[in-house]
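# Summary of the model geometry
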Amino acid sequence: MLDFQSIVKEIDNKSEYDKRINALKQKGFQTNHIENTVKECINNVKSGVKSFVIYGEPQCGKTELMIAITAKLIDEGKKIIVILLNDDTDLLNQNLQRFRDSSINPTPLNYTTVLGENIGVRNWIIFCKKNINDLKKLNNSLDRIYGKIVIDDEGDYASPNGKVNKELKTRINEQIDKLLRYDGTYIGVTATPARLDLNNTFDNLTEKWIRFEPHDQYAGKEIFFPIDIHSRLKYSLRKLSKSGDKPEYLRTAIANFIVNTSILNIDNSTVEKYS
């Protein structure tokens, strides 16, 4: 006879973080750079750091990192995690679906779903755009809730206080600050962190910033813009004349890109797809 209570208990006791990391490994993804960053992040949170930044190269897997951090925070007993995104509905839906596809528990929700809900003691992963009206509504629902974690995707966009020198607050900055009141924790995630430092956004501690190293296959500025242009390049480089700007150069480059990405997407042996 099946012991359903034991089965449910076993499922509940499974680590959300371990499930996610194992799922990535089964797909052939490198995870050590994610695991190292998550470890540093949790150490910050456990030691009482209330505001810090995680920064890395553009397109180096920050969304997957945020999923892993969220999963680990759930394991650590954090009840309410708010994911902030730029004011773009398509972007919100895209990232919300990425989180849902990871099978993380609890199921991530758009902020509109929790409006008027009794937050209670259950866990919540809430997505919200950095939109003044959306943030106001979310703040009304989460008022008097302690211990919130705010993960701010593209933290350099809209979140910093553009009126800091006038001793005033921009509206988005003010609403995020309200989300953090009482004892919230702010984690800014970005590829361009300079403004968060210069602006000292939410009193973040630069000495607690975390560098998210890219995976081994990442091709970034060191690849495409090497200091030594004569070093061996991993791509086809055709130098153009110093004079003239012929449209066919751009057309050829775009055509090559489309053909290459099409082949990579058609080839079932490739783990990662491209767009």
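Everything below is about the structure printed above this text.
Heads up: these notes are all about the structure in this document. (Residues numbered from 1 in each chain as written. Predicted model: local features only at pLDDT ≥ 70, side-chain atom pairs only at ≥ 80, totals over all residues. Heavy atoms only, no water.)

Here the focus is the overall build of the chain. Broken down by element type, the chain carries 11 helices and 7 strands. For the chain, the proportion of its 275 residues judged to be buried stands at 41%. Intrachain contacts of the chain at a sequence separation of at least 6 include 72% that bridge at least 24 residues. (Helix = DSSP H or I, 4+ residues; strand = E, 2+ residues; numbered from the N terminus. Buried < 20%, exposed > 50% of the residue type's maximum accessible area, 1.4 Å probe, protein only. Contact = heavy atoms within 4.5 Å.)

Turning our attention to helix α3 (residues 32–46). The first and last C-alpha atoms of α3 sit 21 Å apart over 15 residues, in line with the 21 Å expected at 1.5 Å per residue. Three or more residues of α3 are buried, namely H33, I34, T37, V38, C41, I42, N44 and V45. All buried residues of α3 project into a common sector of 160° when viewed along the axis, lining one side. Facing away from the buried side of α3 by more than 90 degrees, the exposed set consists of K39 and K46. Looking at the buried positions of α3, the neighbouring elements they touch are α2 (16–26), β1 (51–56), α4 (62–75), β6 (185–190) and β7 (210–212). (Expected span 1.5 Å × (residues − 1). Arc of directions from axis to C-beta.)

Summed over all chains, the structure comprises 1 cavity of 30 Å³ or more. Within this model, the largest cavity holds a volume of roughly 40 Å³. Only α7 (132–142) and α8 (171–180) provide two or more residues apiece to the lining of the largest cavity. Partitioned by chemical class, the residues of the lining of the largest cavity number 3 nonpolar, 1 polar and 5 charged. (1 Å grid on protein atoms, 1.4 Å probe; cavity = no way out; pocket = protein on both sides within 12 Å on 5 of 7 lines; lining within 4 Å. Points joined across faces, edges and corners; volume = space filled by probe spheres on them. Nonpolar A, V, L, I, M, F, W, Y, C, P; charged D, E, K, R; others polar.)

Turning our eyes to something else, we now look at the nonpolar core. Ranked by internal contacts, the top residues of the largest apolar core, which has 36 residues, are I54, I151 and I187. A total of 8 residues in this core trace back to one element, the largest contributor, which is α4. With 25 residues, the next largest nonpolar core counts V82, Y111, C128 and I176 among its residues. (Core = buried A, V, L, I, M, F, W, Y, C linked by side-chain atoms within 4.5 Å.)

Spatial ordering of the open sheet is given by β3-β4-β2-β5-β6-β1-β7, a layout of 7 strands whose pairing is parallel. Of all strands in the sheet, those bounded by a partner on one side alone are β3 (109–110) and β7. As defined by bridge partners, strand β5 (residues 149–153) adjoins β6 across 5 bridges and the pair is classed as parallel. Note on β6: the bridge partner recorded for I151 is I187. Those strands touched by helix α5 (residues 89–101) are β2 (80–85), β3, β4 (124–129) and β5, and its axis lies near 160° from that of β4. (Pairing = 2+ DSSP bridges. Axes fitted to C-alpha atoms, helices over the stretch in contact; angles between N-to-C directions.)

What follows covers the pattern of salt bridges. With the rule as written, the count across this model stands at 11 salt bridges. The partner of D177 in a salt bridge is K169, with the nearest N and O atoms 2.3 Å apart. Overall, D177 belongs to the partly exposed group, its relative accessible area being 28%. You can call K169 partly exposed: its relative accessible area is 40%. (Salt bridge = Lys/Arg side-chain N within 4 Å of Asp/Glu carboxyl O.)

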